[in-house]
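So you can see what is in the structure, the chains are spelled out below.
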Amino acid sequence: MPNFSVDEIRAIYRLPLFELLQKGRETFLRNWPEHDEVQLCKLMSIKTGGCSEDCGYCAQSAHFKTGTEPGKLLGVKDVLPVAEDAKQQGATRFCMGAAWKGIREDDPRFGTVVEIVRAVAGLGLEVCVTLGQIGEEAAQKLKDAGLTSYNHNLDTGSSYYSSVVTTHKFEDRVRTLRAVQSVGLALCCGGIIGMGEGEDDRLGLLASLTELYPHPESVPINCLVPIPGTPMENSSPVDVFDLVRMVATARVVLPLSKIRLAAGRSRLSKEAQALCFFAGANSVFYGDKLLTTPNSAENEDRALLAALGLKPQIPHG
Ligand code: SF4
């Protein structure tokens, strides 16, 4: 799994669009025998709002007045029915997010999360959690409970990170990524475009992802959904061709990662989503709502996949 420098990635990203699409497509077909399958992932917030961090895009930060009410950590009995329903609706991965800076393995709330992970894994679903900063011991406990993958996004290139968040550093993120990888857990790690960053910041994010060994098992690519009350509330929408270029480039430099269309998908036309799938996206968040932002309606997703001759991924092994 090679690393790519920003210069190398730029040379790919700036190809004429159809050449880039073709390169993404070829890489996808070469590496993904199930190329007509799209993984459907359901995302649930298990602890909402009141977060100590100041990520400038986030509705859940306590630093901004976004109208998101802080909630308590949910328990197994709250989460399991939602996971069962997601499985019935065709999801093969269940992702859960908790809004806090991070958690240690001796915090009682961590014990609750471990119980939830064990219960959801028992349904035969892939399980992913995002709990902020964690160390090796916590990562190992989550793995032992049946966790498939740990989500911790790098968000943007290291050069732009301090314009997005000031309460922690890019290096803190990388430290958690290394802890997770050190116990052999797969990583889900991607970013957000449309936060005012430049092209090289976006490409710097991809370069950092290629430096992880192994590459992340999944790479969510989010388009900023501007949240009223956050510093990014007036950001302009992402140009659709920038997103398509980002997806195709990610596919080329991260050939074995699932490239996931995440937040901001509900604002994309069917045609734009089709281009992203052609370029090598093979996973989406599914369901009407992401953690706190709207998502495409489930029936529209099914209709779109059917129209494109794609199908929801069936569980493999
Ligand atoms: S992105 Fe995560 S860490 Fe940042 S403010 Fe939101 S919930 Fe907190």
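Residues numbered from 1 in each chain as written. Predicted model: local features only at pLDDT ≥ 70, side-chain atom pairs only at ≥ 80, totals over all residues. Heavy atoms only, no water.

Focus: the pattern of salt bridges
At step 1: Taken as a whole, this structure holds 15 salt bridges when the rule is applied.
At step 2: A salt bridge links lysine 258 to glutamate 217, with the shortest nitrogen-to-oxygen separation between them at 3.2 Å. In this pair, lysine 258 sits in strand β8 (residues 258–261) while glutamate 217 sits in the loop between α8 (199–211) and β7 (218–223), placing the two residues 41 residues apart along the sequence.
At step 3: Across the pair arginine 265 and aspartate 301 runs a salt bridge, and its minimum N-O distance is 2.8 Å. Here the residue arginine 265 occupies a position in the loop between β8 and α10 (270–279), and aspartate 301 occupies one in helix α11 (residues 298–308), the gap between them amounting to 36 residues. Like arginine 265, the residue aspartate 301 is buried in the burial classification. (Salt bridge = Lys/Arg side-chain N within 4 Å of Asp/Glu carboxyl O. Helix = DSSP H or I, 4+ residues; strand = E, 2+ residues; numbered from the N terminus. Buried < 20%, exposed > 50% of the residue type's maximum accessible area, 1.4 Å probe, protein only.)

Focus on the site of the ligand
At step 1: In the vicinity of the ligand, the contacting residues are Cys51, Glu53, Cys55, Tyr57, Cys58, Ser61 and Ala99.
At step 2: Of the residues assigned to the shell around the ligand, the class counts are 5 nonpolar, 1 polar and 1 charged. (Near = heavy atom within 4 Å. Nonpolar A, V, L, I, M, F, W, Y, C, P; charged D, E, K, R; others polar.)

Thoughts on helix α4 (residues 108–121)
At step 1: End to end, α4 covers 20 Å across 14 residues, agreeing with the expected 20 Å (1.5 Å per residue, within 8%).
At step 2: For α4, the N-terminal cap is aspartate 107; the gap from its side-chain oxygen to the backbone nitrogen of arginine 109 is 2.8 Å. (Expected span 1.5 Å × (residues − 1). Polar contact = N/O pair within 3.5 Å; in protein donor to acceptor, adjacent residues only side chain to side chain.)

Describing the packing of aromatic side chains
At step 1: Going through the model one piece at a time under the given rule, you end up with 2 aromatic pairs.
At step 2: Between phenylalanine 28 and tryptophan 32, the ring centres sit 6.5 Å apart and the planes meet at 35°, which makes this aromatic pair tilted. Each member of the pair, phenylalanine 28 together with tryptophan 32, is buried.
At step 3: Look at tyrosine 161 and phenylalanine 170: their rings are 5.6 Å apart centre to centre, the planes differ by 75°, and that puts the pair in the edge-to-face class. The same class applies to tyrosine 161 as to phenylalanine 170, namely buried.
At step 4: Over the aromatic face of tryptophan 100 sits the side chain of arginine 109, whose NZ or CZ is 4.4 Å from the ring centroid.
At step 5: Directly above the aromatic system of phenylalanine 285 lies the positively charged group of arginine 260, at a separation of 5.2 Å from the ring centroid. (Phe/Tyr/Trp six-rings, centres within 6.5 Å; stacked < 30°, edge-to-face > 60°. Lys NZ or Arg CZ within 6 Å of the ring centre and 35° of its normal.)

Focus on helix α5 (residues 136–144)
At step 1: What α5 keeps buried is the set Ala138, Ala139 and Leu142. All buried residues of α5 lie within an arc of 100° about the axis, which places them on one face of the element.
At step 2: Positive phi shows up at glycine 146, right after α5, with a value of about 110°. (Arc of directions from axis to C-beta.)

Some thoughts on the packing of α4 against α5
At step 1: Running from N to C, α4 and α5 point in directions that differ by 30°, and their axes come no closer than 9 Å. As judged from the angle between their axes, α4 and α5 are roughly parallel. When α4 is examined against α5, the residues Phe110, Val113, Val114 and Val117 are found in contact with a partner set consisting of Ala138, Lys141 and Leu142.
At step 2: Class assignment of the residues belonging to the contact of α4 with α5 gives a composition of 6 nonpolar, no polar and 1 charged. (Axes fitted to C-alpha atoms, helices over the stretch in contact; angles between N-to-C directions. Parallel < 35°, antiparallel > 145°, perpendicular 65-115°, else oblique. Contact = heavy atoms within 4.5 Å.)

Remarks on the pairing of strand β9 (residues 283–286)
At step 1: Residues Ser283 and Phe285 point to one face of β9 and Val284 and Tyr286 to the other, with burial holding for every one of them.
At step 2: In this sheet, β9 lies alongside strand β1 (residues 37–47) in parallel orientation, the contact comprising 4 bridges. Among the inter-strand pairings, cysteine 41 is bridged to a residue of β9, identified as phenylalanine 285.
At step 3: Of the crossover connections in this fold, the one passing from β8 over α10 to the parallel β9 is right-handed. (Pairing = 2+ DSSP bridges. Right-handed = clockwise from strand over helix to strand, strands pointing away.)

Notes on the environment of glutamate 84
At step 1: Relative to the assigned elements, glutamate 84 resides in helix α3 (residues 76–88).
At step 2: Note: C-alpha distance between glutamate 84 and alanine 11 (73 residues apart in sequence) is 45 Å.

Concerning the nonpolar core
At step 1: Residues Leu131 and Leu142 are the most contacted members of the largest nonpolar core, which totals 91 residues.
At step 2: In terms of residues, this core owes the most to one element, helix α9 (residues 240–253), which gives 8 residues.
At step 3: Apart from residues no more than four positions distant in its own chain, leucine 142 is found in contact with Phe110, Val113, Val114, Val117, Val129, Leu131, Ile134, Leu147 and Tyr150.
At step 4: Counting 7 residues, the second largest nonpolar core, distinct from the first, contains Cys41, Cys128, Ala262 and Phe285. (Core = buried A, V, L, I, M, F, W, Y, C linked by side-chain atoms within 4.5 Å.)

Let's talk about a nonpolar patch on the surface
At step 1: Residues Met1, Tyr213 and Leu256 make up a contiguous nonpolar surface patch of about 360 Å² in total accessible area.
At step 2: Tracing the backbone shows leucine 256 in the loop between α9 and β8.
At step 3: Owing to a relative accessible area of 46%, leucine 256 belongs among the partly exposed residues under this scheme. (Patch = residues over 30% accessible without salt bridge, like charges linked within 9 Å, V, L, I, M, F, W, Y side chains within 5 Å. Areas by Shrake-Rupley, 256 points an atom, 1.4 Å probe, with all protein chains shown as cover.)

Description of the environment of proline 81
At step 1: Summarising the element assignment, proline 81 is placed in helix α3.
At step 2: Considered as a pair, proline 81 and arginine 260 are 179 residues apart in the sequence and their alpha carbons are 25 Å apart.

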